Amino acid sequence: MIFLGIETSCDETALALIQERRILAQCLYSQTQEHQAYGGVVPNIAAHAHIHHLPSMARQLLTPFGVEKIGGIAVTAGPGLVGGLLVGALFAKGLALSLGKPLWGIHHLEAHGLMARMTEEIPFPYLLLLLSGGHCQLVLMQALGHYRILGETLDDAVGECLDKVARCLGLGYPGGPIIERLALQGDPHSIALPVPLQKDIGYHFSFSGLKTACFQWIKAQPTPLSEGQKADFCASLQRVIADSLCARLAYALQHTPVATCVVSGGVAANRYFYHRLKEVAAGVRLVTPPVAYCTDNAVMVAWAGYERARQGISPYMHFAVQARWSLEECR
Ligand code: KG4
Ligand code: ZN
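The shown structure was predicted, so the numbers you read here are calculated from the model rather than taken from an experiment.

K.L.:
I would appreciate a short explanation of the side chain of Thr 256 in the present structure.
P.N.:
Relative to the elements of secondary structure, Thr 256 occurs in the loop between helix 8 (227–255) and strand 9 (260–264). Judged by its relative accessible area of 11%, Thr 256 falls in the buried class. Ignoring any residue separated from it by four or fewer positions in sequence, one finds Thr 256 in contact with Leu 140, Leu 150 and Tyr 203.

This is how it looks when you write it as structure tokens:
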């Protein structure tokens, strides 16, 4: 069965066609330029950009392929920015109605969490460490549609912390990949930053205290940072974040034994974090989707739709989009 996936929940406008594990075609437009000047995603601008780009991208993807071959359509229904979600969902509903195709509304975090099952054989149950711009969670993926959140961030998500610190340093948006690149030249032990929740190890995360400590350190510097200082700062920031993530992953693996752990979401694209987490997860299989499929994309949405269809979960046209939506409520 060939699936069309549509993703518009944040600042990526993306469409993809997959046939089971094979990617037939895809197009992705990152709205980085639209939001660059603001140092973060502006919801209204994102929604307008989706309206602008989605129809022409759909035409470009579907015309050479032929719409009649599509078996099902999957679109992100939440969580995310409501304007973008509405654009994607209405577009998908219109397409599904006019073509007479079944439609599934997909939970964005479920799509991140299932993505690794497209590229590798990963049976349920498994542990998901979800690290994105808006979420930071440890989830027990018990079966399709049955997810238990073991812990999540008490305040900021890890990607949010990276983006805001990068903005404070004047590095641009999105901050995560820029910080990763700069950190390669820096010394991770050069600047003393607090390790989040160092004495309170459990399933929960917290990154706002670290973010504030970063702001204070940057403000306290008497002169603008040199390139070398920026690199040292980025490397030190990544180290304390990794210390915190590793402690939580070790705790989770001890208290919730599983054979496989999937690390997914935009921040999972970070190779330093991946290697640090891999050290902690020595006794289990640690899997990350290919880097291009860690960050937001439509392949993961199409795959989540396909997983639902093959499990016999009925399509449904009448879903509402949800800006906030817990993974535990996604059936
Ligand atoms: O999953 P995602 O694309 O969107 C959300 O669902 O939030 O995640 C975006 C986040 C941003 O905060 C971005 O800075 C971060 O992922 N990110 C990275 C890297 N690539 C993207 N963080 C660290 N290292 C990277 N290479
Ligand atoms: Zn995402």
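K.L.:
Mind showing me how you'd approach the coordination of the zinc ion (ligand 2) here?
P.N.:
Expected angles at a metal are 109.5 degrees for tetrahedral coordination by four donors and either 90 or 180 degrees for octahedral coordination by six donors. Only His 108 (NE2), His 112 (NE2) and Asp 296 (OD) from the protein reach the zinc ion (ligand 2) as donors, at distances of 2.0 to 2.1 Å. Take His 108: its relative accessible area is 7%, and that puts it in the buried class. Taking relative accessible area as the criterion, His 112 reaches 1% and is therefore assigned buried.

K.L.:
Which parts of the structure should I look at to understand the pairing of strand 9?
P.N.:
Successive side chains on a regular strand alternate, one facing one side of the sheet and the next facing the other. Counting buried positions along strand 9 gives five out of five residues, so the element sits mostly inside the fold. Alternating residues of strand 9 divide into Thr 260, Val 262 and Ser 264 and Cys 261 and Val 263, and every residue in both groups is buried. Sheet analysis places strand 9 next to strand 10 (residues 285–287), joined by three bridges and oriented parallel. Residue pairing for strand 10: Val 262 is matched across the bridge by Val 287. Taken together, strand 9, helix 9 (residues 271–280) and strand 10 form a β-α-β motif whose crossover is right-handed.

K.L.:
Explain the site of ligand 1 to me, please; I cannot follow it from the model alone.
P.N.:
With respect to spatial proximity, 20 residues lie near ligand 1, and among them Gly 133, Asp 163, Glu 180, Gly 266 and Asp 296 are the closest. At a separation of 3.1 Å, an oxygen atom of ligand 1 approaches a polar side-chain atom of His 108. Between ligand 1 and the protein, one listed contact pairs an oxygen atom with a backbone N or O atom of Gly 159 at 3.2 Å. In the complex, the protein chains occlude 89% of the 550 Å² of accessible area that ligand 1 would expose alone. Those elements that provide at least two residues to the shell around ligand 1 are helix 4 (108–119), helix 5 (158–168) and helix 6 (175–183).

K.L.:
What is the right way to look at the packing of helix 7 (residues 208–220) against helix 8 in this model?
P.N.:
The geometry of a pair of packed helices is captured by two quantities: the angle between their axes and the separation between those axes. Running from N to C, helix 7 and helix 8 cross one another at 160 degrees; their axes reach a closest spacing of 12 Å. Of the possible angle classes, the one that applies to helix 7 and helix 8 is roughly antiparallel. The handedness of the crossing between helix 7 and helix 8 comes out as right-handed. Residues Leu 210, Cys 214, Trp 217 and Ile 218 of helix 7 pack against Phe 233, Leu 237, Val 240 and Ile 241 of helix 8.

K.L.:
Sorry, what's going on with the side chain of Ser 132 here?
P.N.:
You can see Ser 132 is positioned in the loop between strand 6 (126–131) and strand 7 (136–143). With relative accessibility at 7%, the residue Ser 132 sits in the buried group. Within the local environment of Ser 132, its side chain forms a polar contact with the backbone nitrogen of Gly 134, the two atoms lying 3.3 Å apart. When near neighbours in sequence (up to four residues on either side) are disregarded, Ser 132 contacts Ala 157, Val 158, Gly 159, Glu 160, Gly 265, Gly 266 and Val 267.

K.L.:
Explanation requested: the state of the cysteines in the structure shown.
P.N.:
Under the criterion given, the structure shown has zero disulfides. Of all cysteine sulfurs, the one in Cys 214 lies closest to Cys 168, which takes part in no disulfide; the gap is 8.4 Å. Among the residues examined, Cys 168 registers a relative accessible area of 33% and is labelled partly exposed.

K.L.:
Quick question: what am I supposed to make of the sheet that holds strand 6 here?
P.N.:
Paired through their backbone hydrogen bonds, the strands of a sheet run either parallel or antiparallel. Taking strand neighbours across the sheet as the criterion, the five strands line up as 8-7-6-9-10 in an open arrangement whose pairing is mixed. With partners counted over all chains shown, the strands left at the sheet margins are strand 8 (146–152) and strand 10, one partner each. The average undirected angle you get between the axes of adjacent strands in this sheet is 25 degrees. Judged from the four bridges that link them, strand 6 and strand 9 form a sheet pairing that is parallel. Across the sheet, the residue bridging to Leu 128 is Val 262, located in strand 9. The sheet contacts of helix 4 involve strand 6, strand 7, strand 8, strand 9 and strand 10, and relative to strand 6 the element is tilted by about 125 degrees.

K.L.:
Explain the sheet that holds strand 3 (residues 22–30) to me, please; I cannot follow it from the model alone.
P.N.:
Spatially, 3-2-1-4-5 is the arrangement adopted by the five strands of the open sheet, whose pairing is mixed. The open sheet has two free edges, formed respectively by strand 3 and strand 5 (103–107), since each of these has just one partner strand. Strand after strand, the sheet turns through a mean of 20 degrees between neighbouring axes, direction not considered. Where strand 2 (residues 12–19) and strand 3 come together, eight bridges link them in antiparallel fashion. Paired with Thr 13 across the strands is Tyr 29, a residue of strand 3.

K.L.:
Got a minute to help me understand helix 5 in this structure?
P.N.:
Count 3.6 residues to each turn of an α-helix, and residues three or four apart come out pointing the same way. Taken together, the buried positions of helix 5 are occupied by Val 158, Gly 159, Cys 161, Leu 162, Asp 163, Val 165 and Ala 166. Buried residues along helix 5 sit against strand 6, strand 7, helix 6, helix 7, helix 8 and helix 9. Looking at the residues trailing helix 5, positive phi occurs at Gly 170, about 70 degrees.

Parameters and conventions
- Residues numbered from 1 in each chain as written.
- Chains lettered and ligands numbered in written order.
- Predicted model: local features only at pLDDT ≥ 70, side-chain atom pairs only at ≥ 80, totals over all residues.
- Heavy atoms only, no water.
- Helix = DSSP H or I, 4+ residues; strand = E, 2+ residues; numbered from the N terminus.
- Buried < 20%, exposed > 50% of the residue type's maximum accessible area, 1.4 Å probe, protein only.
- Contact = heavy atoms within 4.5 Å.
- Donors = N, O, S within 2.8 Å, 3.2 Å for Na, K, Ca; no water.
- Pairing = 2+ DSSP bridges.
- Right-handed = clockwise from strand over helix to strand, strands pointing away.
- Near = heavy atom within 4 Å.
- Polar contact = N/O pair within 3.5 Å; in protein donor to acceptor, adjacent residues only side chain to side chain.
- Areas by Shrake-Rupley, 256 points an atom, 1.4 Å probe, with all protein chains shown as cover.
- Axes fitted to C-alpha atoms, helices over the stretch in contact; angles between N-to-C directions.
- Parallel < 35°, antiparallel > 145°, perpendicular 65-115°, else oblique.
- Left-handed = near helix turned anticlockwise from the far one by under 90°.
- Disulfide = S-S within 2.5 Å.

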